Amino acid sequence: MRKMIAGYLIACTTLVPGAAAAADAYVLGLTGDMTGRDSANSGAAADGIRIYFERLNAKGGINGRKVEVLMRDNQSEPSRAATDAQVFVNNDDLQLIISASLSSTYAPTIAEAKRKGVPILFSAGVCPTDVFPPKADPLLFCTSGYAAEKDVEFAVDYMRKMTSGQFKLGLVSMAIPISRGGMEHAAKYSAGKNIQVIGHESAPPPTVNYAPYATKLKDAGADWVLSWAPWVTQVKTFEALRQQGWSGRFISYGHNVAEEELKRIKDPGFLVFTTNAMFSDNQPIHGEIQAAAAGKTKYPYTYLNEGWIAATVIEAALKKVAWPPSRAKVAEAMNALTVDLSGLRGGAIVWSGQNHYRQDLYYRVYGWDGATNRVKTVADWVNKPVN
Amino acid sequence: MLIYRVSRVLNLAHGELMMLAAYILISLTTLLGSHPVGALAGAVALSLLVGLVLYVVLMRRMTGELVIAAVLVTIALGILLRGVMVLGWTGRTYHPMQQLGWENKAIALGGGMTASTVALATVGMAVLLYCGLFAFFQFTQWGVRMRAVGENPLLASQRGIALHATYALAWALATLTGGLAGILIALDSGLDTTMAVVGLKAFPAALVGGLGSLRGAVVGSMIVAAAEVLAIHYIDPLVSDVVPFVVLIVMLLIRPWGLFGTEEEIERV
């Protein structure tokens, strides 16, 4: 623990934005939740970005220039994010802000960044609506995997495909707007598909005991339960259901912790759908991430893919920026970009002037294979175009 | 409640101390992976030590100061502990049960009811602890001393009771019992930084039952828990978090000193 604290202190003293940015480096400012309530997700994404650029700098950087990432911890608090953004936009050497925290921090960050024309990349939380087509904001971009309505549509279609005849569906959300909205959309989307929605349980964020919610779903006779919520709500509801002897199937969104959790839970009836390929695929890129992360993060390397994807996209954008870089040049480069993710997702990220999310979403379903005792692909990539 | 009973200080870092014991278990599990019982015993013993150290290093200096000042110190302590825990163990969720190599099987109780092994162990542990504490306060010298200090510290001191030793013991026992609760919750449903909320919910339970009353704590907990679960079932899950505090407000309006408390105690608060 002493080592970890020392690491943080060193990071605080060496990565604070007050430190003079090297004049011959690309400068990025990352405002992220490193120690707040979303740190397992956002902090891991921030670590992924940091490790990616450390590795890149060791290999010579981009176009012969290093990439300096100034990191500030906003703990997913809007006021801290606003302060971070102010500091970043007033740093004339800085070309891009990276946000890696909950969506509650977006508004102040966007307001500050727009004031000074700084592009922002959202790398860990839910993508803001202003990145979606047909009218993407010229300064806002998003690489993270979340898209509530499209995600639950995929999940409903998957359950429909996997089940013959009518089935009873229970829905679980956390009592936050994005999660509740996603589940309400799932209920509407299920209409006319021979699916009987038997209930929607929405647990407040600090819930510890999920047994009452599980009891209601079990007593209502759910065959399937769908959850699009922070991981804790998804997994604790599932575990409470199993504790009560429920034998149905549960499908939930695959956050960055999902792979480790599938290994822990070892239940073939617990499925996750995700836009990111899991490390169980064992592709060369996964080996690279694992090797790069060794000894450099407190999180399991399987948590790092969102950050790695964001950093890959940033590298591709900066490669297109002629020296000396500027905020406008970086935004321009990001407004027309195609990035191959080497298998980390089902397809490339393609941005245009109208679409700063991606042209195609790809989903996969993963689960636990009891026979081989490992995480397996249950359903391969399915493409959902983003219009 | 133990600390309040002896020193009239409400320890508002209770939830964080619960959480700290569970995080200590995580570290010990990593260190002593092949000795799960040793890791558990070590975490419990260390939580006792944490209470002692906190009193000696921090709370002892508050002796003679206003009670409210000591309460504020416990708030600051809670904030400090939360920060340290996030730095040390990050915000990720841990599952000590699996780390210990144990399985939390569901046990059928009949009538369609089931409970997890750890949940049943928690109930058993609560009964044991209450019986143990009751016996401690009624029949042991240190228990009688603690009650005496709680009643009248000046008189107790004049009769030769070591106040600081008694307060330190109260802190140690309180962190031990809180730590046990934290460890059991973590074993049952995992550990993350939201556990402190459980500690917060302990206050309505203690106040409804009557501060300083062991019997009251049991009855208060039952009332608050039942109200919470019934609200989830019959009203709306969203109100479940405020229900304990609604029950508390109702109790404060009807009987401010709680079900088993005394009027004299509430005046001191």
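Residues numbered from 1 in each chain as written. Chains lettered and ligands numbered in written order. Predicted model: local features only at pLDDT ≥ 70, side-chain atom pairs only at ≥ 80, totals over all residues.

Trainee: Pulling in residues and values, what's your account of the overall build of chain B?
Mentor: If you tally the helices and strands in chain B, you get 13 helices and 2 strands. The C-alpha atoms of chain B give 19 Å as radius of gyration, which agrees with the globular expectation for 269 residues (18 Å, within 12%). On the principal axes, the C-alpha backbone points of chain B span a range of 55 × 45 × 35 Å. In chain B, the share of contacts with a sequence separation of at least 24, taken over all contacts with a separation of at least 6, comes to 69%. (Helix = DSSP H or I, 4+ residues; strand = E, 2+ residues; numbered from the N terminus. Rg over C-alpha atoms; globule rule 2.2 N^0.38 Å. Contact = placed C-beta atoms within 7 Å.)

Trainee: Which residues make up the interface of chain A and chain B, and what are the values?
Mentor: Taken together, the contact between chain A and chain B spans 28 residues of the former and 26 residues of the latter. Of all the secondary structure elements, the ones that give two or more residues to the side of chain A that touches chain B are α1 (2-15), α2 (39-58), β7 (195-203), α7 (211-219) and α8 (231-243) of chain A. Along the lines of polarity and charge, the residues of the side of chain A that touches chain B split into 14 nonpolar, 8 polar and 6 charged. (Nonpolar A, V, L, I, M, F, W, Y, C, P; charged D, E, K, R; others polar.)

Trainee: Please give an account of the sheet that holds strand β6 (residues 167-174) of chain A that cites residues and values.
Mentor: Residue and element names in this part refer to chain A. Across the sheet, which stays open at both edges, the 7 strands sit in the order β7-β6-β8-β9-β10-β13-β14 with mixed pairing between neighbours. Each of the sheet's edge strands pairs with one partner strand only, and the pair in question is β7 and β14 (374-385). Strand-to-strand twist of the sheet, defined as the mean angle between neighbouring strand axes without regard to direction, takes the value 20 degrees. The pairing of strand β9 (residues 249-253) with strand β10 (residues 270-274) spans 4 bridges and is classified as parallel. Note that in β10 the partner of F250 across the bridge is F270. (Pairing = 2+ DSSP bridges. Axes fitted to C-alpha atoms, helices over the stretch in contact; angles between N-to-C directions.)

Trainee: Please provide a residue-by-residue account of unusual backbone geometry, values included.
Mentor: All names here are of chain A. Omega for the peptide link from P133 to P134 comes to 10 degrees, which places this bond in the cis form. Looking at where P134 falls in the secondary structure, it is placed in the loop between β4 (120-122) and β5 (140-142). Omega for the peptide link from W323 to P324 comes to 0 degrees, which places this bond in the cis form. On the secondary structure map, P324 appears in the loop between α11 (305-319) and α12 (327-334). One non-glycine residue, Q75, lies in positive phi territory at about 50 degrees. Within the secondary structure layout, Q75 lies in the loop between β2 (66-73) and α3 (78-89). With 23 C-beta atoms counted inside 10 Å, the residue Q75 sits in the buried group. (Buried ≥ 20, exposed ≤ 12 C-beta atoms within 10 Å, placed from the backbone.)

Trainee: How would you sum up the nonpolar core? Please name residues and give values.
Mentor: With 195 residues, the main nonpolar core has L28(A), A22(B) and L25(B) as its most contacted residues. It is helix α9 (residues 163-189) of chain B that provides the largest number of residues to this core, a total of 15 residues. Two domains share this core, each providing at least three of its residues, namely domain 1 (2-145 + 282-356) and domain 2 (148-274 + 363-385) of chain A. Setting aside chain neighbours within four positions, we find A22(B) in contact with P96(B), G182(B), I183(B), A186(B), L191(B) and M195(B). (Core = buried A, V, L, I, M, F, W, Y, C linked by C-beta atoms within 7 Å. Domains from an automatic or database assignment.)

Trainee: Just give me the short version of the domain arrangement of chain A, but keep the residues and values in it.
Mentor: All names here are of chain A. According to the domain assignment, chain A contains domain 1 (2-145 + 282-356) and domain 2 (148-274 + 363-385). Placing the centre of domain 1 and that of domain 2 at their C-alpha centroids yields a distance of 30 Å. Contact residues are listed per partner, giving 12 residues for domain 1 and 11 residues for domain 2. Contributions of two or more residues to the side of domain 1 that touches domain 2 are made by α2 and α11. No other element matches the 3 residues that α2 contributes to the side of domain 1 that touches domain 2.

Trainee: Would you mind going over the sheet that holds β2(A) in detail, with residue names and values included?
Mentor: Backbone hydrogen bonds are what pair the strands of a sheet, in a parallel or an antiparallel way. Residues and elements named next belong to chain A. Here 5 strands make up an open sheet; going across it, the order is β2-β1-β3-β4-β5 and the pairing parallel. Strands at the two margins of the open sheet, each flanked by one partner only, are β2 and β5. Going across the sheet, the axis of each strand differs from the next one's by a mean of 25 degrees, ignoring polarity. Two strands pair when backbone bridges link them, and β4 and β5 are joined in this way by 3 bridges, in the parallel orientation. Note on β5: the bridge partner recorded for L121 is F141. Strands β1 (25-32), β2 and β3 (96-100) of the sheet are contacted by α2, whose axis makes an angle of about 160 degrees with β2. In this fold helix α4 (residues 106-115) packs onto β1, β3, β4 and β5, with an angle of close to 180 degrees to the strand it touches most, β3.

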